[in-house]
Amino acid sequence: MSEVLTRFDPWLKDGGPAALVLREWLVPVEGTDGVVFPPTYPPSEDRTFKGGYNIDEFPDGTNVCLLDSVGSQANRIEPLFAKEPYSELVPQVVIQAGRNKRVSLLEVGHRAADAIVRCSSLQQEIHNAFEALAAGDAAPLARLAPTSLVFGVWDSRDTQVKAPRLLASVIRAYNVRRLTRSAQYIPALDYVKEGLIPNPADKKTRDLHSERGFLHVPATGTHGGVMALGGIRRDATLHLAALRFLASKSEEETLDLRRYVLGLALTAFTCTTPSFLRQGCNLVRDEDRPVETFVVEHNGMRAPFEITHGQALEFAREAAKKFDVPPPRTVQFEVERAKRDLEAGPASTVKKSKNTEEIGGR
């Protein structure tokens with residue numbers, strides 16, 4: 001058997017490491033003192049979070065600002081597997097919706113548990129795969145939607161089965177200073193003075209004219225980004241301990257399954273993540289601070305570990321070949337299924353599968 005295929009077998013057996021961890025320092029393309037724009041969030045229902053940037057303040061005066069969440073990072077990385085040379089590693093499942101819309105399973109927000117999948121001709125297979133996962137066999141889901149095992153999934157609207165996220169990545173900025181910005185919109189001409197539109201008689205009319213671009217619109221003291229005085233870091237963790245919970249019908253099938261999922265996870269773990277997160281937030285690797293990767297044992301010992309993306313891809317190819325990845329397929333979105341799904345009522349009324357709490361959460 002290939003040495004490439006068996007290289008990581010000690011990780012897949014009882015007593016193997018707890019995790020792989022990666023720390024990658026990033027900088028704005030403008031430089032270390034550049035301004036970056038974090039995502040903005042709406043207020044929480046109880047108003048304890050008033051909305052805006054997610055910045056946690058600590059008693060010693062330091063703070064941490066979220067630049068890209070775990071879920072957002074997963075959604076940026078997962079579509080990698082729809083492109084060459086990675087597309088050969090996973091089954092390419094496409095949902096045909098209507099005449100012209102084709103949606104890859106690798107692009108939908110809830111992965112295998114998404115409504116577009118549940119209301120397609122794939123519904124029964126996906127349902128059975130989640131039921132099998134609850135019963136201890138992850139192979140059926142791996143043959144349909146293996147990235148759901150890598151990035152996590154919760155079938156919240158049907159079986160209630162959860163699979164934990166094996167690969168988690170997040171980007172944070174440390175000790176940030178908030179900035180504000182102001183702007184002034186000036187229309188092409190004074191429409192009222194030129195007699196082209198009537199002078200607004202009340203605030204409602206004035207606001208409407210401003211919204212439509214006929215009046216001056218000031219915008220003062222709005223979010224202006226942050227400066228990260230303590231640096232920006234991406235932390236990624238590949239949870240090997242959680243991966244070892246995946247099993248199939250026999251020891252041989254379990255080993256093939258774990259190798260396959262590990263290959264996908266390592267490929268995602270070592271890939272170059274997208275640098276452009278949003279307008280005003282384009283981050284690249286800090287060339288002055290090397291990437292740190294460690295194997296972490298259950299006793300807390302950490303050992304430096306090196307693996308290139310090419311090596312991870314080579315292993316993933318061998319593991320996928322042994323696992324026998326199914327060919328591409330296209331399934332149909334079915335309107336009648338969607339109608340029945342809406343008639344079924346809230347997800348809380350759906351009968352839960354057995355053993356759901358033992359599988360983990362997204």
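The rules we used
- Residues numbered from 1 in each chain as written.
- Predicted model: local features only at pLDDT ≥ 70, side-chain atom pairs only at ≥ 80, totals over all residues.
- Heavy atoms only, no water.
- Helix = DSSP H or I, 4+ residues; strand = E, 2+ residues; numbered from the N terminus.
- Buried < 20%, exposed > 50% of the residue type's maximum accessible area, 1.4 Å probe, protein only.
- Contact = heavy atoms within 4.5 Å.
- Areas by Shrake-Rupley, 256 points an atom, 1.4 Å probe, with all protein chains shown as cover.
- Lys, Arg positive; Asp, Glu negative; His and termini not counted.
- Charge placed at Lys NZ, Arg CZ, Asp CG, Glu CD.
- Core = buried A, V, L, I, M, F, W, Y, C linked by side-chain atoms within 4.5 Å.
- Pairing = 2+ DSSP bridges.
- Axes fitted to C-alpha atoms, helices over the stretch in contact; angles between N-to-C directions.
- Polar contact = N/O pair within 3.5 Å; in protein donor to acceptor, adjacent residues only side chain to side chain.

What am I meant to see in the overall build of the chain here?
Along the chain, the regular secondary structure elements total eleven helices and 17 strands. For the chain, the C-alpha atoms occupy an extent of roughly 85 × 55 × 40 Å along the three principal directions. Within the chain, the proportion of its 362 residues that are buried is 47%. Here the contacts in the chain between residues at least 6 apart in sequence split such that 77% fall between residues at least 24 apart. About 19,800 Å² of surface is accessible on the chain, with carbon and sulfur atoms providing 51% of the total. Taking the average place of the 46 positive charges on the side chains of the chain and the average place of its 47 negative ones, the gap between the two points comes to 4 Å.

Whenever I open this one, the nonpolar core confuses me. Can you help?
The biggest cluster of nonpolar side chains holds 68 residues, and the ones touching the most others in it are Leu-262 and Leu-266. Considering every element that reaches this core, the biggest residue donor is helix H9 (residues 251–270), with nine residues. In this structure Leu-266 touches Phe-8, Trp-11, Leu-20, Leu-238, Ile-307, Ala-312 and Phe-315, once residues within four positions along its chain are discounted. The next biggest cluster of nonpolar side chains, apart from the first, holds 16 residues, and it includes Leu-26, Cys-65, Ile-171 and Cys-281.

Please clarify how the sheet that holds strand E5 (residues 93–97) should be interpreted in this entry.
One key point about sheets: their strands pair by backbone hydrogen bonds, in either a parallel or an antiparallel sense. As summarised here, the arrangement of the three strands in space is E6-E5-E17, forming an open sheet in which the pairing is mixed. With partners counted over all chains shown, the strands left at the sheet margins are strand E6 (101–104) and strand E17 (329–332), one partner each. Neighbour-to-neighbour, the strand axes of the sheet open up by a mean angle of 30 degrees, direction not taken into account. Inspection of the sheet shows E5 paired to E17 by four bridges, in the parallel sense. Looking at the pairing, Val-93 lines up with Arg-329 of E17.

Looking at this structure, how should I read the side chain of Glu-24?
Here Glu-24 lies in strand E1 (residues 19–28). At 2.8 Å, the side chain of Glu-24 forms a polar contact with the side chain of Arg-285. When neighbours within four sequence positions are excluded, Glu-24 is seen to be in contact with Ile-232, Arg-233, Arg-234, Arg-285 and Val-291.

Explanation requested: unusual backbone geometry in the structure shown.
A negative phi holds for most residues other than glycine; trans holds for most peptide bonds. The omega angle of the peptide bond from Glu-84 to Pro-85 is 5 degrees, so this bond is cis rather than trans. The residue Pro-85 is located in the loop between helix H2 (70–77) and E5 in this model. In this structure, Arg-111 is a non-glycine residue whose phi angle is positive, near 55 degrees. For Arg-111, a relative accessible area of 1% puts it in the buried group. Non-glycine residue Gln-160 carries a positive phi angle of around 70 degrees. Summarising the element assignment, Gln-160 is placed in the loop between strand E7 (153–154) and strand E8 (162–163).

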